[in-house]
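# Descriptive analysis of the structure
Below are the chains, spelled out letter by letter.
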Amino acid sequence: MIDLKDLRQNPDKYKAGARAKNVSVDVDAVLTLDERARGAQAEFDRLRAEQNQVSQQIGRAKDPAEREALKAKAGEFKPRLQQLGEEQREVAAKVEGLLLAIPQPPDDDVPPGRDASDNVVVRHWGEPPTFDFKPKSHIEIGEALGLFDFRAGAKIAGSRSYFLKSGGAELHAAVIRLALDMMTREMGFTPMVVPVMVREQAMKGTGFFPGGRDQAYRVGEVEEAGEDVRFLTGTAEVALTAYAAPENEAVTLNEVDLPLKLTAASTCFRREAGTYGKDTAGLYRVHQFDKVEQVVICRNDVAESKRWHAEMLGYSEELLRRLKLPHRVIQCCTGDLGVKNASMLDIETWMPSRFDGKTQATGYGETHSASRLYEFQARRLNLRYKDKEGKVRFCHTLNNTVVASPRILIPILENYQNADGSVTVPEVLRSYVGREVL
RNA sequence: GGAGGCGUGGCAGAGCGGUUGAAUGCGCCGGUUUCGAAAACCGGUCUGCCCGAAAGGGUAGCGAGGGUUCGAAUCCUUCCGCCUCCGCCA
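What counts as what
Residues numbered from 1 in each chain as written. Chains lettered and ligands numbered in written order. Predicted model: local features only at pLDDT ≥ 70, side-chain atom pairs only at ≥ 80, totals over all residues. Heavy atoms only, no water. Domains from an automatic or database assignment. Disulfide = S-S within 2.5 Å. Buried < 20%, exposed > 50% of the residue type's maximum accessible area, 1.4 Å probe, protein only. Phe/Tyr/Trp six-rings, centres within 6.5 Å; stacked < 30°, edge-to-face > 60°. Helix = DSSP H or I, 4+ residues; strand = E, 2+ residues; numbered from the N terminus. Salt bridge = Lys/Arg side-chain N within 4 Å of Asp/Glu carboxyl O. Axes fitted to C-alpha atoms, helices over the stretch in contact; angles between N-to-C directions. Parallel < 35°, antiparallel > 145°, perpendicular 65-115°, else oblique. Left-handed = near helix turned anticlockwise from the far one by under 90°. Contact = heavy atoms within 4.5 Å. Nonpolar A, V, L, I, M, F, W, Y, C, P; charged D, E, K, R; others polar. Pairing = 2+ DSSP bridges.

### Details of the domain arrangement of chain A
What the domain assignment reports for chain A is domain 1 (4-99) and domain 2 (116-433). One C-alpha centre belongs to domain 1, the other to domain 2, and the line joining them spans 43 Å.

### Points about the state of the cysteines
In the structure shown here, the tally under the stated rule is 0 disulfides. Counting only cysteine sulfurs, Cys332 is the nearest neighbor of Cys268, a cysteine outside any disulfide, at a range of 19 Å. Its sulfur unpaired, Cys395 is 8.0 Å from the next cysteine sulfur, which belongs to Cys298. Residue Cys395 is classed as buried on the basis of its relative accessible area of 0%.

### Considerations on the packing of aromatic side chains
With the rule as written, the count across this model stands at 6 aromatic pairs. Relative to Tyr315, the ring of Phe189 has its centre 5.8 Å away and its plane inclined at 90°; by these criteria the two rings are edge-to-face. Remark: Tyr315 occurs in helix H11 (residues 302-322) and Phe189 occurs in the loop between helix H8 (166-186) and strand S4 (190-192); sequence separation between them is 126 residues. Accessibility classification places Phe189 together with Tyr315 in one group, the buried group. Arranged with centres 4.9 Å apart and planes meeting at 90°, the rings of Phe209 and Phe231 form a pair that is edge-to-face.

### Re the pattern of salt bridges
Under the definition given, this model contains 25 salt bridges. Its salt-bridge partner being Asp107, residue Arg372 comes within 2.8 Å of it at the nearest N-O pair. Taken as a pair, Arg372 in strand S13 (residues 364-374) and Asp107 in the loop between helix H5 (78-101) and strand S1 (120-125) lie far apart in primary sequence, 265 residues in all. Pair check on accessibility: Arg372 and Asp107 agree, each one buried. Between Glu375 and Arg379 there is a salt bridge, and its shortest N-O distance comes to 2.8 Å. Residues joined by salt bridges that share partners form a network here, namely Glu186, Glu318, Arg321 and Arg322.

### A short note on the packing of helix H3 (residues 27-60) against helix H4 (residues 64-75)
H4 packs onto H3 with a crossing angle of 160° between their chain directions and a minimal axis gap of 9 Å. Relative to H4, H3 is oriented roughly antiparallel. You can see that H3 and H4 cross each other, and the crossing is left-handed. Note on element contacts: H4 touches H3 through Arg67, Leu70, Lys71, Lys73 and Ala74, opposite Gln51, Val54, Ser55, Gln57, Ile58 and Gly59. Among the residues making up the contact of H3 with H4, the classes are represented as 4 nonpolar, 4 polar and 3 charged.

### Quick word on the pairing of strand S16 (residues 396-405)
Along a regular strand, successive side chains alternate from one face of the sheet to the other. Buried residues dominate S16, accounting for 10 of its 10 residues. One ladder, built from 4 bridges, connects S13 with S16; its direction is antiparallel. Residue Ala370 lies in a different strand from S16, and its bridge partner there is Asn400.

### Some thoughts on the pairing of S13
With respect to burial, S13 is a largely interior element, 10 of its 11 residues being buried. The pairing of strand S12 (residues 343-350) with S13 spans 8 bridges and is antiparallel. Among the inter-strand pairings, Thr349 is bridged to a residue of S13, identified as Gly365.

### Notes on the sheet that holds S1
By definition, the strands of a sheet pair up through backbone hydrogen bonds, in either a parallel or an antiparallel sense. Read across the sheet, 8 strands follow the order S1-S11-S12-S13-S16-S10-S9-S4 without closing on themselves; strand pairing throughout is mixed. One side of each edge strand has no neighbouring strand; the edge strands of this open sheet are S1 and S4. Along the sheet, successive strands turn relative to each other by an average axial angle of 20°, direction set aside. Across the sheet, H8 touches S4, strand S9 (260-269), strand S10 (288-298) and S16, and the angle it forms with S16 is around 145°. Lying over the sheet, H11 contacts S1, S9, S10, strand S11 (327-331), S12, S13 and S16, oriented at roughly 10° with respect to S16.

### What to know about the side chain of His309
By secondary structure assignment, the location of His309 is in helix H11. Of the residues examined, His309 reaches a relative accessible area of 2% and is grouped as buried. Ignoring sequence-local partners within four residues, the contact set of His309 consists of Ser343, Met344, Leu345, Ala370, Ser371, Arg372 and Leu398.

What follows is the structure in structure tokens.
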């Protein structure tokens, strides 16, 4: 949610922002409607003030006849007030609806571009390995070693489903555990176990709805709101970010409480609607996976947000360095940001099976995504804190993947494969897996 | 699944149709007092929107939404949450 006041003052900023993000919105329509809503509100307030005065006289009046006369007088305000109230409510709801769709303008440091092809490589780490044998894909490796079973997955749960087995399941648990341990023991994040089935309000508040409604699985038998309907989250970001937000208007946080550094491993559910035919084989694009997510809720300070963004990106890079997986950092261009981000950096990890043998860029697959949202989510969630001067302000929120598995198993299996078909377990995972070779 | 109760400011807790943004206590901030502190005393202490340069004023808000009424924290209604008892299941 963007700031309506700011939209009034700087409409061009938001028009340009939407254009840069390839989102079409009618900013002027919002402003026109907003003006109407405020007009109705102002008149309502004025009339109401008059009515209140008369009403208070009724309370004080002793003489019954006088009371009746005053009642009649006060009653005259009613129809007009009702009409104005209705108009105000109606128009305000429309404004709210439109406002939800207006994207957060990209930050100045985001390169302009149409889509993912205009993203900018920021840095590389590690050299893609060369093999003196014909390297296999993770699918071939895993099937040969009995690490997973796609046929059973499809039979039991449909396409894009899988079973992890023995070494595959162990490797999966190991990366999740490694990531959690690093974030909590070394980076000072608070470990959380969070709901993955949430109310619509949490999805809206974190900015996934209304835009991403078709990406979420809905749980519950009844259509009507309030009747046991929940949504499965596609990331722990939803619960972790909404965690600190009160359901009422009350301020819960104080500046000294910030920053909140939260991490959670959670199962993530994604419908992957509109991706038919894309990455259909293997572990790359699946409906259900586990992910360790990091969320930071900090003070309303652009410089601090930027610092955290870089910091959080660094944690994920650190994990990949420990796993010794070659990767590169991508600054997403304006057109690739989505509605809610001010800036987003992805990490892509080397996956030999994706490499076309010619263009190196083809060998990298997305494994991480670090978002900087400023007030966007906090406004929707009403996530606020009291600063040192006692002023109530919206928090800033950020999030980033620490690791998502089984997707991360693709680079692990493919980069660590041996000529004999076995896979060497990365050193940092050995204590978790309990052996050196799969 | 059935029956009942509850939801008020940072916290505790009154109010149950009339000038109540809301008594009282605690906490917090400022002041007086003190060599300093405690205690005591005095004052202040919510948020959104609108008007205003500001001081200030108007309006809305007592879990959330809707309704009744000249007027609602107080009545009705739907939803959300919590608690107690019974049933069911672990």
